[in-house]
Amino acid sequence: MLTGAGISAESGVPTFRGKEGLWGKFRAEELATMEAFLRNPEIVWEWYSWRRKLISEVQPNPGHFALAELADYFDSFTLVTQNVDGLHRVAGSTDILELHGNINRNKCVKCEAPFDEVDIDPARIPKCKGCGGSIRPDVVWFGEMLPGEVIEAAFRRSEEADLFFSIGTSAIVHPAASLPMTARRCGATLVEINPEETPLSNLADIRIGAPSGEFLPKLLDAVKARKNQSGQG
Ligand code: BJW
Ligand code: ZN
């Protein structure tokens, strides 16, 4: 399963693209880069501090909760997410692979050492105690490699999957967008849940054109009902 910003939309977290998209007046392609940080770290930090505050004030939605519960009905259930908001964990999901990092962690821009303080004042960006580098959010920007073990595990699980859900992602940012295609090529049934069509839509075996927070609880109910039926003989 791969999730993107759309799964958190119904929690009030803006997506990056699409109809309801855009974090304020900036595009991710303009601020989520090392070039932007080196050029103007204060603006990049202002964007992340604002987003971090917004995320700290929202709750998981029925889509997140349904996914956490659905895991109980499968022998193996890996949740690969592009989101940095941590809402899947808050909802109770456990086997999570965070491809693009987490907005509540910071690290040194030079030596990548973790930095413990979470809240950063954009006017006073702290320096790494080890090497003096500036502190940045521990997320993956354009042009940066994804954490090796995490993306390797995500590809492995996608190759092994019988069923693969692509939920709330525009499926244009790689390598994440290659995961559903990899799963499909290796024999998985591919299900897309997204009110809007994406480059995956034609490839999907099943397309659900509905918000995930509406559809996933219904799917959970159907899976539960089926389990009860088969339990009764
Ligand atoms: C709903 C809904 C509801 C709304 N219910 N749905 C191959 C081909 C072309 C380019 C590349 C390639 N390989 C690599 C690249 C370059 C680049 C890339 O992919 N660029 C593309 C733009 C073309 N990739 C990279 O640079 C990656 N690194 C890499 O490949 O390293 C190797 C390398 C190094 C050096 C040189 C070359 C290669 C890194 C990508 C990092 C992405 N980072 C960001 C920011 C993270 C930190 C932060 O949050 O600030 O990740 S960008 C942003 O996009 C964020 C997201 O995780 C990511 C994906 O967005 P997502 O989740 O799909 O959101 P949206 O907004 O796009 O879509 C939301 C969807 O929800 C919409 O479809 C709605 O319809 C839907 N929706 N409400 C269900 N209720
Ligand atoms: Zn450092």
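Our subject is the structure listed above.
Now for a description of the structure that goes with this document. (Residues numbered from 1 in each chain as written. Chains lettered and ligands numbered in written order. Predicted model: local features only at pLDDT ≥ 70, side-chain atom pairs only at ≥ 80, totals over all residues. Heavy atoms only, no water.)

Attention now moves to the site of ligand 1. The environment of ligand 1 is made up of 34 residues, and the closest members are Arg17, Tyr48, Arg51, Thr169 and Ser170. Between ligand 1 and Phe16, the relevant distance is 2.7 Å, taken from an oxygen atom to a main-chain nitrogen or oxygen of the residue. Across the shell around ligand 1, the residue classes tally to 17 nonpolar, 12 polar and 5 charged. (Near = heavy atom within 4 Å. Polar contact = N/O pair within 3.5 Å; in protein donor to acceptor, adjacent residues only side chain to side chain. Nonpolar A, V, L, I, M, F, W, Y, C, P; charged D, E, K, R; others polar.)

Further remarks concern the packing of aromatic side chains. Taken as a whole and judged by the stated rule, the model has 4 aromatic pairs. Measuring from ring centre to ring centre gives 5.5 Å for Phe37 and Trp141, while their planes differ by 40°; the resulting arrangement is tilted. Of this pair, Phe37 sits in helix α3 (residues 34-39) while Trp141 sits in the loop between β6 (135-139) and α7 (148-160), and the two are 104 residues apart along the sequence. The exposure classification of Phe37 matches that of Trp141, with both residues buried. (Phe/Tyr/Trp six-rings, centres within 6.5 Å; stacked < 30°, edge-to-face > 60°. Helix = DSSP H or I, 4+ residues; strand = E, 2+ residues; numbered from the N terminus. Buried < 20%, exposed > 50% of the residue type's maximum accessible area, 1.4 Å probe, protein only.)

Bringing the pattern of salt bridges into the picture now. Applying the stated criterion to the full structure yields 14 salt bridges. Note that Lys107 and Asp138 form a salt bridge whose closest N and O atoms lie 3.7 Å from each other. Here the residue Lys107 occupies a position in strand β4 (residues 101-108), and Asp138 occupies one in strand β6, the gap between them amounting to 31 residues. According to the relative accessible area criterion, Lys107 is buried, its value standing at 11%. The salt bridge partner of Arg124 is Asp121, with a shortest N-O separation of 3.2 Å. In this structure Arg124 comes out as exposed when scored by relative accessible area, which is 63%. The exposure class assigned to Asp121 is partly exposed, which follows from its relative accessible area of 33%. What you see here is one network of salt bridges that share partners, running through Arg17, Arg27, Glu29 and Glu30. (Salt bridge = Lys/Arg side-chain N within 4 Å of Asp/Glu carboxyl O.)

Quick look at the sheet that holds strand β8 (residues 189-193) now. Read across the sheet, 6 strands follow the order β3-β2-β1-β7-β8-β9 without closing on themselves; strand pairing throughout is parallel. This sheet does not close on itself; its edge strands, each paired only once, are β3 (96-98) and β9 (206-208). As paired strands, strand β2 (residues 79-81) and β3 are joined by 3 bridges and run parallel to one another. Counterpart to Val80 in the pairing with β3 is Leu97. Its contacts with the sheet place α7 against β2, β3 and β7 (163-167), and it is angled at close to 130° to β3. The sheet contacts of helix α8 (residues 178-185) involve β1 (2-3), β2, β7 and β8, and relative to β7 the element is tilted by about 160°. (Pairing = 2+ DSSP bridges. Contact = heavy atoms within 4.5 Å. Axes fitted to C-alpha atoms, helices over the stretch in contact; angles between N-to-C directions.)

Membership of the largest hydrophobic core comes to 26 residues, with the highest contact counts inside it found for Phe37, Val44, Tyr48 and Trp141. Of all the secondary-structure elements, those providing two or more residues to this core are α2 (28-31), α3, α4 (41-56), β4 and β6. If one sorts the elements of this core by residue count, α4 sits on top with 6 residues. If we skip the residues at most four places from it in the chain, Val44 touches Leu31, Ala36, Phe37 and Trp141. Listed in part, the 21 residues of the second largest apolar core include Leu146, Ala177, Ala188 and Ala204. (Core = buried A, V, L, I, M, F, W, Y, C linked by side-chain atoms within 4.5 Å.)

Listed as protein donors to the zinc ion (ligand 2) are Cys108 (SG), Cys111 (SG), Cys128 (SG) and Cys131 (SG); their distances from the metal cover 2.2 to 2.4 Å. Classification of the site at the zinc ion (ligand 2) rests on its 4 donor atoms, whose angles at the metal span 95 to 118°, yielding the label tetrahedral. Motif for the zinc ion (ligand 2), donor spacing along one chain: C-x2-C-x16-C-x2-C. Of this pair, Cys111 sits in the loop between β4 and β5 (114-115) while Cys128 sits in the loop between β5 and β6, placing them 17 residues apart in sequence. (Donors = N, O, S within 2.8 Å, 3.2 Å for Na, K, Ca; no water. Tetrahedral: all angles 85-135°; square planar, octahedral: opposite > 155°, others 65-115°.)

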